[in-house]
Amino acid sequence: MITKNELNDYFIAGIKSNKNLKIGIEHEKFILNKNSLRPISYDESYGIKDILEKLSNKGWTPYYDDNQKTIIALTKGKESITLEPGGQIELSGAPLDNIHQTCEETTNHLSELKKLGEEFNFILLGMGVEPNLKLDDFPWMPKQRYKIMKKYMQQVGKLGHHMMKRTCTNQVNIDYSSEEDMVNKLRIMLNLEAIATSIFSNSPFDQSKVSKFKSLRSHFWHHTDPDRTGLLPFVFEKGFNFEKYTDYALNVPMYFIKREHNYIDMTNYTFKDFFDGKCSDINHEVTLNDWSDHLTTLFPQARLKQYLEIRSMDACNWDLICSQPAFWVGILYDDEILDKLKEITEGWTIEDRQYLNQRAPEEGLMTEFKQRKLIDFAQEFYELSKKGLNKRNRLSNNGEFDESIYMKELENNLVKGFSPADCLINNFNTHWKQSIKPIYKELIF
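Keep in mind it's a predicted model, so treat the numbers as computed, not measured. (Residues numbered from 1 in each chain as written. Predicted model: local features only at pLDDT ≥ 70, side-chain atom pairs only at ≥ 80, totals over all residues. Heavy atoms only, no water.)

(A) Local environment of the packing of helix 2 (residues 48-56) against helix 3 (residues 99-120). Relative to each other, helix 2 and helix 3 sit at 125°, their axes nearing to 11 Å. Between helix 2 and helix 3, the angle is such that the two are oblique. Here helix 2 runs over helix 3; the crossing is right-handed. Here Asp50, Ile51, Lys54 and Leu55 of helix 2 come into contact with helix 3, specifically with Glu112, Leu113, Leu116, Glu119 and Phe120. Looking at the contact of helix 2 with helix 3 residue by residue, the class counts come to five nonpolar, no polar and four charged. (Axes fitted to C-alpha atoms, helices over the stretch in contact; angles between N-to-C directions. Helix = DSSP H or I, 4+ residues; strand = E, 2+ residues; numbered from the N terminus. Parallel < 35°, antiparallel > 145°, perpendicular 65-115°, else oblique. Left-handed = near helix turned anticlockwise from the far one by under 90°. Contact = heavy atoms within 4.5 Å. Nonpolar A, V, L, I, M, F, W, Y, C, P; charged D, E, K, R; others polar.)

(B) Seen up close, empty space enclosed by the protein. For the structure shown, the criterion picks out two cavities of 30 Å³ or more. As a volume, the largest cavity reaches approximately 70 Å³. In terms of lining residues, the largest cavity is bounded by 13 residues, among which Ile25, His27, Thr106, Ile321 and Pro325 are the most central. Counting residues per element, the ones that place at least two in the lining of the largest cavity are strand 1 (23-33), helix 3, strand 7 (170-174) and helix 12 (323-332). Classifying every residue of the lining of the largest cavity by side-chain character gives six nonpolar, six polar and one charged. By volume, the second largest cavity is sized at about 40 Å³. Here the residues of the lining of the second largest cavity are counted per class, giving six nonpolar, three polar and no charged. (1 Å grid on protein atoms, 1.4 Å probe; cavity = no way out; pocket = protein on both sides within 12 Å on 5 of 7 lines; lining within 4 Å. Points joined across faces, edges and corners; volume = space filled by probe spheres on them.)

(C) A look at the packing of aromatic side chains. One pass over the full model with this rule turns up 25 aromatic pairs. When the centroid spacing of 5.0 Å and the interplanar angle of 90° are considered together, the rings of tryptophan 348 and phenylalanine 369 count as edge-to-face. In this pair, tryptophan 348 sits in the loop between helix 13 (335-345) and helix 14 (350-363) while phenylalanine 369 sits in strand 16 (residues 368-369), placing the two residues 21 residues apart along the sequence. With relative accessibility at 7%, the residue tryptophan 348 sits in the buried group. Each residue in the set Tyr10, Phe11, Tyr176, Phe234, Phe240, Phe242, Tyr245, Tyr248, Phe271, Phe274 and Trp291 is aromatic and connected to the rest through ring pairs, giving one cluster. Over the aromatic face of tyrosine 255 sits the side chain of arginine 228, whose NZ or CZ is 4.0 Å from the ring centroid. Here arginine 353 stacks its cationic end above the ring of phenylalanine 236, 3.4 Å away from the centre of that ring. (Phe/Tyr/Trp six-rings, centres within 6.5 Å; stacked < 30°, edge-to-face > 60°. Buried < 20%, exposed > 50% of the residue type's maximum accessible area, 1.4 Å probe, protein only. Lys NZ or Arg CZ within 6 Å of the ring centre and 35° of its normal.)

(D) Up close: helix 3. Between the first and last C-alpha of helix 3 there are 31 Å, a value that for 22 residues agrees with the 32 Å anticipated at 1.5 Å per step. Inspection of helix 3 places Ile99, His100, Thr102, Cys103, Glu105, Thr106, His109, Leu110, Leu113, Leu116, Gly117 and Phe120 among the buried residues, and these make up the whole buried set. N-cap assignment for helix 3: the residue whose side-chain oxygen lies 3.1 Å from the backbone N of histidine 100 is asparagine 98. Asparagine 121 lies just past helix 3 and shows a positive phi near 65°. (Expected span 1.5 Å × (residues − 1). Polar contact = N/O pair within 3.5 Å; in protein donor to acceptor, adjacent residues only side chain to side chain.)

(E) Layout of the nonpolar core. Counting 123 residues, the largest nonpolar core has Ile51, Tyr245, Trp328 and Phe381 as the members making the most contacts within it. In this structure, tyrosine 245 is in contact with Phe11, Leu232, Phe234, Phe240, Leu295, Leu298, Pro300, Arg303 and Leu304, ignoring residues within four places of it in sequence. Among the nonpolar cores identified, the runner-up in size contains 17 residues, and Met127, Phe205, Phe428 and Tyr440 belong to it. (Core = buried A, V, L, I, M, F, W, Y, C linked by side-chain atoms within 4.5 Å.)

Here it is as structure tokens:
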């Protein structure tokens, strides 16, 4: 039987030396039939199953959901390819040293999928919400965990299925060098999550029309599951540490545990119930794998695993996909910049963060905050991030540029006061003549 100290030690084991802080990325994209522009189902000819099997013949190792029957993921080294509920494909990248490497990894992954798309007749779209399709247009992927989540989501929020099937995100994973470093970085992530939402908002359309949201994806998350989403106010309380996060995670309802090839529904219990032996109908002991799995089912805007993960950003297309990790690395991997951000945000309150979290998805960079607009904060934080990247001085292989090169398009947007959503809306209302069809030619990978 594991102890609570072992649950806490799971986070302690994530501590890295300052000289060995890595960068990880996770990015999702829609896989659409090139002719119909509809999502590809799992079992159809040239469908998701065939895509995964084809990649498994190109150096990727398949992972099955059951007893060698249903392929649902692939691994290669420390990279993995997984399926989201509506058939979105996600790359979870390896822990790497710099943005040059993460961008190369991203390029290689997208190039491999694009080449396969030419053979299998599909396109790749990176947006926060697919701009045309309805919920029922998307298939469900045959993963056991999604059967449990699908049923549970209907009990706890009105838009959980929309979040699962209609959205894509890009996430950035950041290491911590101590418990104090974890606290500082997680607080900055949660203070800036809505600003990052605004900077990278990329889901303004709902079924071919401009919605009232710059990030419709964020709106879906607001109505998904209040027990496991949101801003974690306790992170800003005095004395926050690994143990306090452990206490939080213990009290969140579970989804499942895995035993051999079966997923067991645990949605009637919190992890604490399971840990304390209060699940009378469950004859299994708690394992650290159960804890690790449980932590992946918590969905706050920034979360702690054995690294920190910022989760607030819409998926973006090629112009911005590498700028997302670059923005966060510039802020979080330089002590001077991190201290400056702490100074700027020190007086921000729970109410401030909640206000931003609610308003930014709708008003974006024009959100009013502390007698300024978020575009002003975004420009200021961009400059700090760029300074952090310049100071890191991690040069490309040819020695010609540092990591800030990947934020060039972001800089262009912020100079104009635009997010990707603002650009999309402007295009929609001008030379696209209120049609979203050009998206499927101009903005695919």
